[in-house]
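Chain by chain, the residues run as shown.
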Amino acid sequence: IHHPAGVEKKVSLGPVRPSDDSDILRYEADVWHGTSGAPVLDADGHVVGVVATGLCLPAADLYSAGPSMTAVFGVSPHLRHFDTFDEREAGVPQAGDAYGAALAAGDFNGDGHDDLAVGVPNETPLDMPPRTGMVNVRYGSEHGLTPTGTHNFWQSAGSSPEEDDHFGDVLAAGDFDGDGYDDLAVGTPREDWGSIANAGVVQIYRGGPDGLQTPGAGYFVAALLGGTIESAGRFGHALASGDFDADGYADLAIGSPYENGQTGAVYALRGGPSGLGPATPSRFTQTDTLGGNASFFGGSEEIEAFGWSLAAGDFDGDGDDDLAVGVPFESCEFCFPAVNYVGVVDIVRGGPGGLAPGVDSLVLYQSTGELLETGDYFGLAVAAGDFDGDGFADLAAAAPGDSEGSLSQVGVVSVRRGGSGGLSGAWSHYRPSSLGWPASEHARFGSALAAGRFDGDPEADLAVSASKAPAGGVVQAGRVGVLWGGATGLATASEVSLTEVSPRNHHDRFGRALAAGDYDGDGDADLAAAFSQDSEGVSGHGAVMVSDVDTLLIAWPWPGLPAEALGQKAQ
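Being a predicted model, the structure only gives us computed values, none of them experimental.

Remarks on the overall build of the chain
Step number 1: Summing up its helical and strand segments, the chain has two helices and 30 strands in all.
Step number 2: If you take every contact in the chain between residues at least 6 apart in sequence, the share linking residues at least 24 apart comes to 58%.

Below, the structure is given as structure tokens:
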């Protein structure tokens, strides 16, 4: 079957998993004898199936044998569980480790398979102070992520490990020196710098033929980039890698949301043959970014948290990545009545000189059918991906605090499309119901986002988590789902939801972190999702689940045929 853009999907005509969908009949078919005919097109003109006439032989009492019939066979992407792992293969799990609190995918050893860096910020390494933190790396292969060669590393640049540093809180990968090996940036926003508590530091570990190397690691603090080392500044709270100047080297944006009187700042580093160095400008605030528009929602509040979240994407298609900056604590003081912590997302344009705050910058707030509500926290998570395949990155921004009816903190994810003029048009909104989930109070839909081409078609897809949603009768087990991209953007008709294979404990927080990477090198992205509070065996030590996309063969009646022509419906 040929799917969008001529991608050939080689599928057998069985087995097919039964479904409880009322509008689609799915059957376990041992053998289908027949001939294929005309293709079936979807609304976008993509071939999604073929017409077949023949006899379907029974299997496992799922239906009764029927006469020769005509049906449509097609493929539908779905996530399948591939692997679940925790710290056991690289260390000894400890209570409260939070394995998987942060994830980042990159090809650190240059073998063509993405690898996965896993943050373990509450780890207490041997002979080190409590909760110093750790990063565990698992390397990709043709079979996916493997424990072979997995290793751990600890803070080794700029500062000695200290109690409650929580090294591994934040991760981002990119080839900062252009040598063909991805490097890893590790944010430690709770690092003390001398006597200054929670000032924060970002450390850079270079990739190579043997993977990530700890010798020669570099580091950056605010004072090296035009800022001031501030108490509770949280430098390194967010990281985003992108080529903001289109020179072929990955650059790095660093969020420091609590500095500058808790209004926040973002720092920029430019990549080059020697790695990362300060950009020009190397530091900017929301006022620098928006100028007079910075007071759009009433000026600088006590807490704005500019730089809480970051995402890089080429929204205007000019070849330079742009930067989306989440400001989730922004309030609307001009609203009547005033609305606190509604949140905005600021867009900083890239260009030949890198990020250019103040040059055609844009401020986006939640609108188009969504009321601004206190505690929406719009922009708490952001992601960029070309969800409609038009060559321009689109923006997904989450408001996990958004209410639905009388239920608080249900959450919503909003998407705005890119174009030659940048992000424009109306927002498209996605709620738990878009994935077939019930609305649940405090589920926080949009807790984490990750964009990737999971099903191999030209359009990016969007993974979304609701890390505090109930699942399988388990409180705050967490859920993860995928919205599939298409020519018209993210679809609401073919979402496939995924829950932890077997929710085991309350407060597992499945989906606390997400990362898309091609861990098996097959050309399609796979999804890593953490349940960082998983307590199997050890309370709160955490684990990570990796899934890839398989093709599910679907049979449904050709228009005009009675349903009974396919025999008894599978229950």
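Following the structure, the description resumes.
Looking at the pattern of salt bridges
Pairing between side chains becomes possible if they bear opposite charge and their charged atoms approach one another.
Step number 1: Counted according to the given criterion, the structure contains ten salt bridges.
Step number 2: Residues Arg190 and Asp169 are paired through a salt bridge, measuring 2.8 Å at the closest nitrogen-oxygen approach. Here Arg190, found in the loop between β9 (183-188) and β10 (201-206), pairs with Asp169, found in the loop between β7 (146-153) and β8 (170-174); they are 21 residues apart in sequence, far enough to count as distant.
Step number 3: The class for Arg190 is partly exposed, based on a relative accessible area of 25%.
Step number 4: Where Arg431 meets Glu404, a salt bridge forms, and the shortest distance between an N and an O atom there is 3.5 Å. Here Glu404 lies in the loop between β21 (394-399) and β22 (412-417) and Arg431 lies in the loop between β23 (424-430) and β24 (445-452), a separation of 27 residues in the sequence.
Step number 5: Salt bridges sharing common partners tie together Arg131, Glu163 and Asp164.

Focus: the environment of Glu230
Step number 1: Mapped onto the elements, Glu230 comes out in the loop between β11 (213-220) and β12 (238-242).
Step number 2: In this structure, the C-alpha to C-alpha distance between Glu230 and Asn198, residues 32 residues apart in sequence, is 8.1 Å.
Step number 3: If we skip the residues at most four places from it in the chain, Glu230 touches Ile196, Ala197, Asn198, Ala199, Glu259, Asn260 and Gly261.

Notes on the sheet that holds β9
Step number 1: Taking strand neighbours across the sheet as the criterion, the four strands line up as β8-β9-β10-β11 in an open arrangement whose pairing is antiparallel. Taken across any chain shown, the strands that pair with only one partner, and hence form the sheet edges, are β8 and β11. Shown here is a sheet whose adjacent strand axes are inclined to one another by a mean of 25°, direction ignored.
Step number 2: The pairing of β9 with β10 spans five bridges and is classified as antiparallel. By the bridge assignment, Val186 is partnered in β10 with Gln203.

Digging into the sheet that holds β21
Two strands in a sheet stick together by hydrogen bonds in their backbones, pointing the same way (parallel) or opposite ways (antiparallel).
Step number 1: Ordered by their spatial adjacency, four strands build an open sheet running β20-β21-β22-β23, and the pairing between neighbours is antiparallel. Taken across any chain shown, the strands that pair with only one partner, and hence form the sheet edges, are β20 (381-385) and β23. The mean inter-strand angle of the sheet, taken between neighbouring strand axes irrespective of direction, is 20°.
Step number 2: When β22 meets β23, the two strands line up antiparallel, connected through four bridges. Within β23, the position partnered with Val413 by the bridge is Tyr430.

With respect to the packing of aromatic side chains
Step number 1: Summed over the entire model, instances satisfying the criterion amount to 14 aromatic pairs.
Step number 2: Residues Trp193 and Tyr219 carry aromatic rings whose centres are separated by 5.8 Å and whose planes lie at 40° to one another, so their mutual orientation is tilted. Of the two residues, Trp193 sits in the loop between β9 and β10 while Tyr219 sits in strand β11, which places them 26 residues apart along the sequence.
Step number 3: Accessibility expressed as a relative area gives 34% for Tyr219, which makes it partly exposed.
Step number 4: On the numbers, 5.8 Å between centres and 85° between planes, the contact of Trp437 with Phe445 is edge-to-face.
Step number 5: An aromatic cluster is present here, built from Tyr258, Trp308, Phe329, Tyr341 and Tyr377 joined pairwise through their rings.

Parameters and conventions
- Residues numbered from 1 in each chain as written.
- Predicted model: local features only at pLDDT ≥ 70, side-chain atom pairs only at ≥ 80, totals over all residues.
- Heavy atoms only, no water.
- Helix = DSSP H or I, 4+ residues; strand = E, 2+ residues; numbered from the N terminus.
- Contact = heavy atoms within 4.5 Å.
- Salt bridge = Lys/Arg side-chain N within 4 Å of Asp/Glu carboxyl O.
- Buried < 20%, exposed > 50% of the residue type's maximum accessible area, 1.4 Å probe, protein only.
- Pairing = 2+ DSSP bridges.
- Axes fitted to C-alpha atoms, helices over the stretch in contact; angles between N-to-C directions.
- Phe/Tyr/Trp six-rings, centres within 6.5 Å; stacked < 30°, edge-to-face > 60°.

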